[in-house]
Amino acid sequence: MVRFMIGAFGKTLSQIFSKPFRSILWRSLGMTLLLLVTLGAVGLWGTGYIPNLGIGWADTIIDVLIDAAVIVGLIFLVIPVTAIFIPLFLDEVGQAVEERHFPASIGPRKQGIIEGLWLGIKGLFVLLAVNLVALPLVFLLPGLGFVIFLVVNGFLLGREFFEAAAVRHYPPAQIKQLRKRHSGRVFIAGMAVAALLAIPIVNILVPLFGTAFMVHVLQGVMARDATPTPAT
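Residues numbered from 1 in each chain as written. Predicted model: local features only at pLDDT ≥ 70, side-chain atom pairs only at ≥ 80, totals over all residues. Heavy atoms only, no water.

The biggest cluster of nonpolar side chains holds 43 residues, and the ones touching the most others in it are Phe21, Phe162, Phe213 and Leu218. Of all the elements in the fold, those that place two or more residues in this core are α1 (2-15), α2 (19-47), α4 (90-101), α6 (144-166), α7 (172-181), α8 (183-197) and α9 (206-226). Looking at this core, the element that brings in the most residues is α9, giving eleven residues. Setting aside residues no more than four positions away along its own chain, leucine 218 makes contact with Phe162, Ala165, Ala166, His169, Tyr170 and Leu178. (Core = buried A, V, L, I, M, F, W, Y, C linked by side-chain atoms within 4.5 Å. Buried < 20%, exposed > 50% of the residue type's maximum accessible area, 1.4 Å probe, protein only. Helix = DSSP H or I, 4+ residues; strand = E, 2+ residues; numbered from the N terminus. Contact = heavy atoms within 4.5 Å.)

See below:
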């Protein structure tokens, strides 16, 4: 299993900057930027209604802090918001990976826009909820906090990305059963994705990388299920 995971990780990494993936990345980032600019404008407009104290220097400091908080908040939202839009291109990601690495097992089921949006919104709330809790622990509990970060993110990201990848091959009723049956593999794959989430700048690739990586994991699981157990 370890050899398969390393191979899948390397294959995904080698494909992540290919032409189809670059196109998906730029489109998702463009949508992300548009949404964040809109949210930022609304946020700054809303903060304009905060009453002043009537003390010049204090009001200036408060305004600077509020503007900085809005900017930091938007930076924090880049990855979760990107996670909303990547599932909209799930068919393109899955098709690109399967055509290159698994031409005999291309997913027959197409994903609808509503289904993609739902997957993206679920991913957004998972990423927000997990990192609001786990990220502070990284700084408050050095070493142990990072382990907690990896374990929690590994479980949740593994689940979300695996279920998203499985949409092309299985109806919803079967996906959770498949994930539970191979929970160990899904968890380890999720931890590999979570490790990238902890690397600044690189982490912006996590939604795209995680989706593509889990296509490899899913194909490995499908091949494993299709292989008869040797007689003892």
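Once you've had a look at it, read on.
Let us now look at the environment of arginine 181. Checked against the element boundaries, arginine 181 lands in helix α7. Through-space distance from the C-alpha of arginine 181 to that of valine 221 is 9.5 Å; in sequence the pair is 40 residues apart.

Turning our eyes to something else, we now look at the confidence of the model for the protein. In low-pLDDT segments, the atomic positions of the prediction should not be examined closely. Confidence in the prediction of the protein, expressed as mean pLDDT, is 78, and 82% of residues score 70 or more. Confidence, read as mean pLDDT per element, is least for helix α5 (residues 113-140) in the protein (67) and greatest for α8 (87). Long-range and interchain partners of residues 228-232, a stretch whose pLDDT sits below 50, account for zero contacts in this model, where long-range means more than four residues apart. (pLDDT = per-residue confidence, 0-100.)

Look at α1: 20 Å from first C-alpha to last across 14 residues, which is about the 20 Å you get at 1.5 Å a residue. Among the residues of α1, those classed as buried are Met5, Ala8, Thr12 and Gln15. One side of α1 holds all its buried residues, which, seen down the axis, span an arc of 100°. Of the exposed residues in α1, those oriented more than 90 degrees away from the buried face are Val2, Arg3 and Ile6. (Expected span 1.5 Å × (residues − 1). Arc of directions from axis to C-beta.)

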